[in-house]
Amino acid sequence: MADEPSLTRWSFQFGRKKVAAATAQTSSESQQNGQTTAVASNGNGHVKNLSDMAVYEQYRNQDRSSTLHSNGVLPNGINEIPQKPLIPAFDSSETRALAESLCRDIIRGSPNVKWESIKGLENAKRLLKEAVVMPIKYPKYFTGLLSPWKGILLFGPPGTGKTMLAKAVATECKTTFFNISASSVVSKWRGDSEKLIKVLFELARHHAPSTIFLDEIDAIISQRGEASSEHEASRRLKTELLIQMDGLTRTKELVFVLAATNLPWELDAAMLRRLEKRILVPLPEPEARRTMFEELLPSQPDEDMLPYDLLVERTEGFSGSDIRLLCKEAAMQPLRRLMTLLEDREEIVPDDELPKVGPLRSEDIETALKNTRPSAHLHAHRHEKFNSDYGSQILQ
Ligand SMILES: Nc1ncnc2c1ncn2[C@@H]1O[C@H](COP(=O)(O)OP(=O)(O)OP(=O)(O)O)[C@@H](O)[C@H]1O
Ligand SMILES: [Mg+2]
């Protein structure tokens, strides 16, 4: 987890300059809201057109004039249209403060993970599209009995792409995306955990359609500390989470809970019942491994083909992140050879005179294969078993 690129988080302006007077809140929020959206579009380095706009923004803007810019500012620069405040009206300053800190966990703009960059996992992608993407794009079909699944669990061995899939959902659907990890829950709201959950769901409904992503959910709900008070706090958090998730099935706002874990058997029956759709994210198949190798270690046109068959054959049981490590190890070998040459030189070679890194040789691949071990395969059969007991399958 530590080597993961961190998700884009927007620190909202109001978090730093707190608005003191409650009466001034609405107007200043709408202004700041406008500012923040503008920053979001700049920060992503692209101008928002309609298809690029977050779904919730489109939904917000749907009955506004088409001449309106995406940041809510009219072409003449006057910010006249009242915007939905970032934070709904809370009665106490305490809950308001919680909501503000939660807003910092909202991801705006996209984490930029495309479906195509996730290799293999066709079933998982299909199930996710059916469960989240389609209901947001075409809500008309998903009513009554077909109302969307509100709780989805991604489970599988570590390093197989669960977090990537969630980011792809965020990129694809452009819903308001709340990225909640065990560390943020524990660090920020130790004593106030159940209030935090309440505020979180309220915010999510306020910004609907939204996705609440609970990464490493086993850690969030099974935090056990030495002190009994910690234990108590975690129990209250879990109970509140169950209550709020129950509430989702009754509200008409689109709020999804997307959870990920590599220890699904640690979730109790009550939680599993609410995570209605359970999707296995397995170790990569040979075909997916081959695509990963071809992408990470591309063959150079003037060199021999790399032994992809050998790589695929010898990496049974490797996870996606093991494969990445293996490729890194192999790609390091030519650089190591070059380093030895450079070390012999007395003076530092200037940047523009640095020699080119040589090609990858078959023996480099052999060395990398010898030095890299799979890390996630030991529990793979348990995940398969959990999948056949509780998982959602694709019906052809
Ligand atoms: N299917 C895949 N396609 C491409 N890259 C992958 C795939 N699976 C894993 N990876 C690589 O492994 C890294 C880790 O993936 P990710 O963080 O999504 O794993 P995870 O399933 O969330 O693991 P954990 O359970 O430990 O949180 C990714 O950054 C990516 O480089
Ligand atoms: Mg993860």
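As shown above, the structure is provided for reference.
Computed from a predicted structure; not experimentally measured.

Conventions and cut-offs
- Residues numbered from 1 in each chain as written.
- Chains lettered and ligands numbered in written order.
- Predicted model: local features only at pLDDT ≥ 70, side-chain atom pairs only at ≥ 80, totals over all residues.
- Heavy atoms only, no water.
- Buried < 20%, exposed > 50% of the residue type's maximum accessible area, 1.4 Å probe, protein only.
- Helix = DSSP H or I, 4+ residues; strand = E, 2+ residues; numbered from the N terminus.
- Pairing = 2+ DSSP bridges.
- Core = buried A, V, L, I, M, F, W, Y, C linked by side-chain atoms within 4.5 Å.
- Contact = heavy atoms within 4.5 Å.
- Bend = angle between axes of the 7 residues up to and from the residue.
- Patch = residues over 30% accessible without salt bridge, like charges linked within 9 Å, V, L, I, M, F, W, Y side chains within 5 Å.
- Areas by Shrake-Rupley, 256 points an atom, 1.4 Å probe, with all protein chains shown as cover.
- Salt bridge = Lys/Arg side-chain N within 4 Å of Asp/Glu carboxyl O.
- Lys, Arg positive; Asp, Glu negative; His and termini not counted.
- Charge placed at Lys NZ, Arg CZ, Asp CG, Glu CD.
- Axes fitted to C-alpha atoms, helices over the stretch in contact; angles between N-to-C directions.
- Parallel < 35°, antiparallel > 145°, perpendicular 65-115°, else oblique.
- Left-handed = near helix turned anticlockwise from the far one by under 90°.
- Nonpolar A, V, L, I, M, F, W, Y, C, P; charged D, E, K, R; others polar.
- Phe/Tyr/Trp six-rings, centres within 6.5 Å; stacked < 30°, edge-to-face > 60°.
- Lys NZ or Arg CZ within 6 Å of the ring centre and 35° of its normal.

1. Some points on the pairing of strand S3 (residues 176–181)
Then comes step 1: By the criterion of burial, S3 is predominantly enclosed, with 6 of the 6 residues buried.
Then comes step 2: Judged by which residues are buried, S3 turns out to be covered on both faces: Thr 176, Phe 178 and Ile 180 on one side and Phe 177, Asn 179 and Ser 181 on the other are all buried.
Then comes step 3: Looking at chain direction, S3 and strand S4 (residues 210–215) are connected through 6 bridges and run parallel. In the strand pairing of S4, Phe 178 is matched with Ile 212.

2. Focus on the nonpolar core
Then comes step 1: Within the largest apolar cluster, 39 residues are counted, with the highest numbers of intra-cluster contacts made by Phe 201, Ile 212, Leu 214, Ile 217, Met 271 and Leu 275.
Then comes step 2: No other element matches helix H8 (residues 193–206), which puts 7 residues into this core.
Then comes step 3: Apart from the residues within four sequence positions on either side, Ile 217 is in contact with Leu 153, Ala 259, Ala 260, Thr 261, Leu 267, Met 271 and Leu 275.
Then comes step 4: Within the second largest apolar cluster, 27 residues are counted, among which are Leu 121, Ala 131, Phe 177 and Phe 213.

3. Structural notes on helix H5 (residues 122–137)
Then comes step 1: Its axis deflected by about 40° at Lys 129, H5 carries its strongest bend there.
Then comes step 2: When H5 is considered as a whole, its buried residues turn out to be Ala 124, Lys 125, Leu 127, Leu 128, Ala 131, Val 132, Val 133, Pro 135 and Ile 136.

4. Focus on a negative patch on the surface
Then comes step 1: Together, Glu 346, Glu 347, Asp 351, Asp 352 and Glu 353 make up a region of like negative charge exposed at the surface.
Then comes step 2: The residue Asp 351 is located in the loop between helix H14 (320–344) and helix H15 (362–371) in this model.

5. Thoughts on the pattern of salt bridges
Then comes step 1: Here the structure, examined in full by the defined rule, presents 15 salt bridges.
Then comes step 2: Among the salt bridges present, the one from Arg 289 reaches Glu 316, with a minimum N-O distance of 3.8 Å. Residue Arg 289 is located in helix H12 (residues 286–296), and its partner Glu 316 is located in the loop between helix H13 (308–313) and H14; the two are separated by 27 residues in the primary sequence.
Then comes step 3: Residue classification places Arg 289 among the buried residues on the basis of a relative accessible area of 2%.
Then comes step 4: Relative accessible area serves as the criterion here: at 60%, Glu 316 is assigned to the exposed category.
Then comes step 5: A cluster of three or more residues bridged by salt bridges with shared partners is formed by Asp 246, Arg 273 and Arg 274.

6. Let's talk about the side chain of Glu 240
Then comes step 1: Relative to the assigned elements, Glu 240 resides in helix H10 (residues 228–248).
Then comes step 2: Here Glu 240 sits buried without a salt bridge, and the closest side chain of opposite charge, Lys 198, lies 4.3 Å off (N-O distance).
Then comes step 3: Setting aside chain neighbours within four positions, we find Glu 240 in contact with Glu 194, Ile 197 and Lys 198.

7. Points about the packing of H5 against helix H6 (residues 162–173)
Then comes step 1: Look at H5 against H6: their axes get within 11 Å of each other, and the N-to-C directions meet at 30°. Between H5 and H6, the crossing angle belongs to the class labelled roughly parallel. As for the relative orientation of H5 and H6, their crossing is right-handed in sense. Contact residues: H5 offers Ala 124, Lys 125, Leu 128, Val 132, Val 133, Ile 136 and Lys 137, while H6 offers Leu 165, Val 169, Glu 172 and Cys 173.
Then comes step 2: Across the contact of H5 with H6, the residue classes break down as 8 nonpolar, no polar and 3 charged.

8. What to know about the packing of H12 against H14
Then comes step 1: For the pair H12 and H14, interaxial distance at closest approach is 10 Å and the crossing angle is 35°. The crossing of H12 and H14 is right-handed. Across from Arg 289, Met 292, Phe 293 and Leu 296 in H12, the residues of H14 making contact are Gly 320, Ile 323, Arg 324, Leu 326 and Cys 327.
Then comes step 2: Residues belonging to the contact of H12 with H14 are distributed by class as follows: 6 nonpolar, 1 polar and 2 charged.

9. Some details on the packing of aromatic side chains
Then comes step 1: Counting across every chain of the model gives 3 aromatic pairs.
Then comes step 2: Seen in terms of ring centroids, Phe 177 and Phe 213 are 6.0 Å apart; in terms of plane orientation they differ by 35°. Their pairing is tilted. Remark: Phe 213 occurs in strand S4 and Phe 177 occurs in strand S3; sequence separation between them is 36 residues.
Then comes step 3: Residue classification places Phe 177 among the buried residues on the basis of a relative accessible area of 1%.
Then comes step 4: On the numbers, 4.7 Å between centres and 40° between planes, the contact of Phe 386 with Tyr 390 is tilted. Taken together, the positions of Phe 386 and Tyr 390, both in helix H16 (residues 380–390) and 4 residues apart, correspond to about one turn of that helix.
Then comes step 5: Note on Phe 386: relative accessible area 5%, which makes it buried.
Then comes step 6: Here the aromatic residues Phe 155, Phe 386 and Tyr 390 are joined through ring pairs into a cluster of three or more.
Then comes step 7: The ring of Trp 115 has Lys 129 sitting right over it, with the charged end atom 5.2 Å from the ring centre.

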